[in-house]
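# Chain and residue survey
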Amino acid sequence: MPEDLKRPVVDDDEDDEAPKKKGKTEVPQRMDCPYLGTINRHVLDFDFEKLCSVSLSGDNVYVDLVDGKYFQGRGKDTAAYRHALEKGHFVWMNVKDGKVYCIPDGYEVVDKSLEDIKYNLTPLFEDEEIEYMSTRVRYSKALDGTDYIPGCIGLNNIQDSDYQNVVIQMLCAVTPIRNMLLAWQPPPERKPDPVMLTFAQLFRKMYNQRNFKGLVSPHEFYQAVGRATQKKFYGKQMDPVGFFTWLMGYLHRKTKNKDGSSLVHDVFQGEVQVKLTPTTEESRVIESKEKTLMLSLELPDEPLFKDNLDFIPQVPLFNLLEKFNGEKPFEKIAKGGESREIRRYSLRRLPPYIVCVVKRFRNNNFFVEKNPTIVTFPLKGLDMRDYIHPDCQPANPETKYDLVANVCHDGKPERGTYKLQTYHQPTSQWFELHDLRVTAVLPQMVALTESYIQIYQRQDVKPDGSFGKFDMEIPELSAEVDTGIAAEIEMAPEDLAEAGIIIG
């Protein structure tokens, strides 16, 4: 090897005089590794957990750049050293810092041709890239020739995880949350939270325009969520509403400021006014206000007698939103079934993003029922002014919303699947994402599905994710009315999650 290509190394004789850094010997570096041609980028997959194939340990793990397998260690008597000698695979990368080594020769490989592999291991984005993510059209091509659009990419279904996939892909349409996760870096002073770390890495991989594959596997995030929830959201299909509520509550706790605010509440949290009237005392009215992340919409009961077997009932979204006009009564059984109460709802504050949940599923005494009623809705210009309390309308000057994401449910309640229809802002086109399958759809076809979760974006939200915060204060409840705590406070935690209410 030419002397100019090899950096000076401390000899054994000079070892006593030369100061060592933290007791570690200096690793020689070479720029002319003869084994770079053996690297196979087609088999490299950094989406799965970086665990040794022999010991299942995550410490000091290296990836074989020839066959894509993970092994522990780099010195003699380690799994990576034995695998290198047995298979003749000599180029390895550290999965923590991205440094490439030649095993068993023991030198570090320094070569510009390895930058694409290091970038795929840990993709990073500049602030300017994140700022113009919603306006610049980007098309990419995988190593196998597959075309894909960064950010509008398929996710691998890992053991009935389609309910998690639609929530992740749905949040890609929420620009402030997306920008926060793309720029998030773990704090250096403490160990990073596994859910936040894998969630941010998953988003960066989904928007990586230099990806070797045209898909992403959320395996690490899936494992982190399973450990954080004691296997509640793991290995079986669950309700995406419950998972979305848990995930937003988790993000709020991990990213909240000292005053208790967070980006999640700034983006999703609205305010609802509730007028509660006990049926035994109709003259008494209890007014309360609730913070909510979602608006639940009740479907009318499916008609008992149908004209023909192919009849599918339809209802406009505006009929469901009449729940919040402040006049429509909703009878509810209080806790314990001892009394009934009538509620009337109206909106006090509109958030930048409204999450609407159409309650299609209902538990009876024997099984879960699904209401197949199709909800027709506008894709642009949904005006919420009629559902705001009259005293609060001056504090909500912008009331028009555009649909950006629509989660649908296909099939029977027990064995159905979830898919997402999302609006891709740079191309101004609608796409349907069903796990790994990504197809373009016409806007007219979006409103013909069994919608379950919808996200509407306020029209004053800018492409970079910024939105106006209105300075006018919302008037407090009138002093003459008995201000009490609404009955949702006494609901069980799972009922609170279903209703989208966060307490505390």
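All values derive from a computational prediction rather than experimental measurement. (Residues numbered from 1 in each chain as written. Predicted model: local features only at pLDDT ≥ 70, side-chain atom pairs only at ≥ 80, totals over all residues. Heavy atoms only, no water.)

In terms of helices and strands, the protein chain carries 12 helices and 27 strands. Out of the 504 residues in the protein chain, the part that is buried amounts to 47%. Taking as baseline every contact in the protein chain between residues at least 6 positions apart, the subset at least 24 positions apart corresponds to 65%. Accessible surface computed for the protein chain: about 25,900 Å², of which carbon and sulfur atoms make up 49%. (Helix = DSSP H or I, 4+ residues; strand = E, 2+ residues; numbered from the N terminus. Buried < 20%, exposed > 50% of the residue type's maximum accessible area, 1.4 Å probe, protein only. Contact = heavy atoms within 4.5 Å. Areas by Shrake-Rupley, 256 points an atom, 1.4 Å probe, with all protein chains shown as cover.)

A few words now on helix α7 (residues 219-228). Most of α7 sits out of view: eight of its 10 residues are buried. Tucked into the core, α7 has its buried residues touching α4 (162-171), α6 (194-206) and α8 (240-255). Within two residues after α7, Q230 carries a phi angle of roughly 55°, on the positive side.

This next bit is on the packing of aromatic side chains. One pass over the full model with this rule turns up 19 aromatic pairs. Both rings, one in Y163 and one in F243, keep their centres 5.9 Å apart while their planes meet at 85°; by these two values the pair is edge-to-face. Separated by 80 residues along the polypeptide, Y163 in helix α4 and F243 in helix α8 bring together distant segments of the chain. For the residue pair Y163 and F243, the accessibility class agrees, reading buried in each case. Seen from their ring centres, F233 and F243 are 5.4 Å apart, and the 70° between their planes marks the pair as edge-to-face. Linking F233 in the loop between α7 and α8 with F243 in helix α8, this pair joins segments that are 10 residues apart in sequence. Every member of this aromatic cluster is reached through a ring pair, and the members are Y163, F199, F203, F221, F233, F243, W246 and Y250. (Phe/Tyr/Trp six-rings, centres within 6.5 Å; stacked < 30°, edge-to-face > 60°.)

Moving on, we get to the packing of α6 against α8. Put simply, α6 and α8 touch, their axes get as near as 11 Å, and they point 110° apart. As the angle between them shows, α6 and α8 are arranged roughly perpendicular. From α6, V195, M196 and F199 reach across to α8, where they touch W246, L247, Y250, L251, K254 and T255. By residue class, the composition of the contact of α6 with α8 is seven nonpolar, one polar and one charged. (Axes fitted to C-alpha atoms, helices over the stretch in contact; angles between N-to-C directions. Parallel < 35°, antiparallel > 145°, perpendicular 65-115°, else oblique. Nonpolar A, V, L, I, M, F, W, Y, C, P; charged D, E, K, R; others polar.)

A separate point is the pairing of strand β22 (residues 400-410). Counting buried residues along β22, nine of its 11 residues qualify, which places the element largely inside the surrounding structure. In this sheet, strand β26 (residues 451-458) lies alongside β22 in antiparallel orientation, the contact comprising seven bridges. Within the sheet, the bridge partner assigned to L403 lies in β26 and is Y456. Where β22 meets strand β23 (residues 417-424), six bridges bridge the pair, whose relative direction is antiparallel. Bridge assignment links N406 to a residue of β23, and that residue is Q421. (Pairing = 2+ DSSP bridges.)

This next bit is on the pattern of salt bridges. In total, this model carries 23 salt bridges according to the counting rule given. The closest approach of N and O atoms between E298 and K323, which form a salt bridge, is 3.1 Å. You can see E298 sitting in strand β13 (residues 295-298) and its partner K323 sitting in the loop between α10 (317-321) and β15 (330-333), a full 25 residues away along the chain. Residue E298 is classed as partly exposed on the basis of its relative accessible area of 30%. When its relative accessible area of 6% is taken as the criterion, K323 is described as buried. When the shortest N-O distance is used, the salt bridge between R343 and E341 registers 3.0 Å. Each member of the salt-bridge network shares a partner with another, and the members are D45, D47, K50, K205, K213 and E220. (Salt bridge = Lys/Arg side-chain N within 4 Å of Asp/Glu carboxyl O.)

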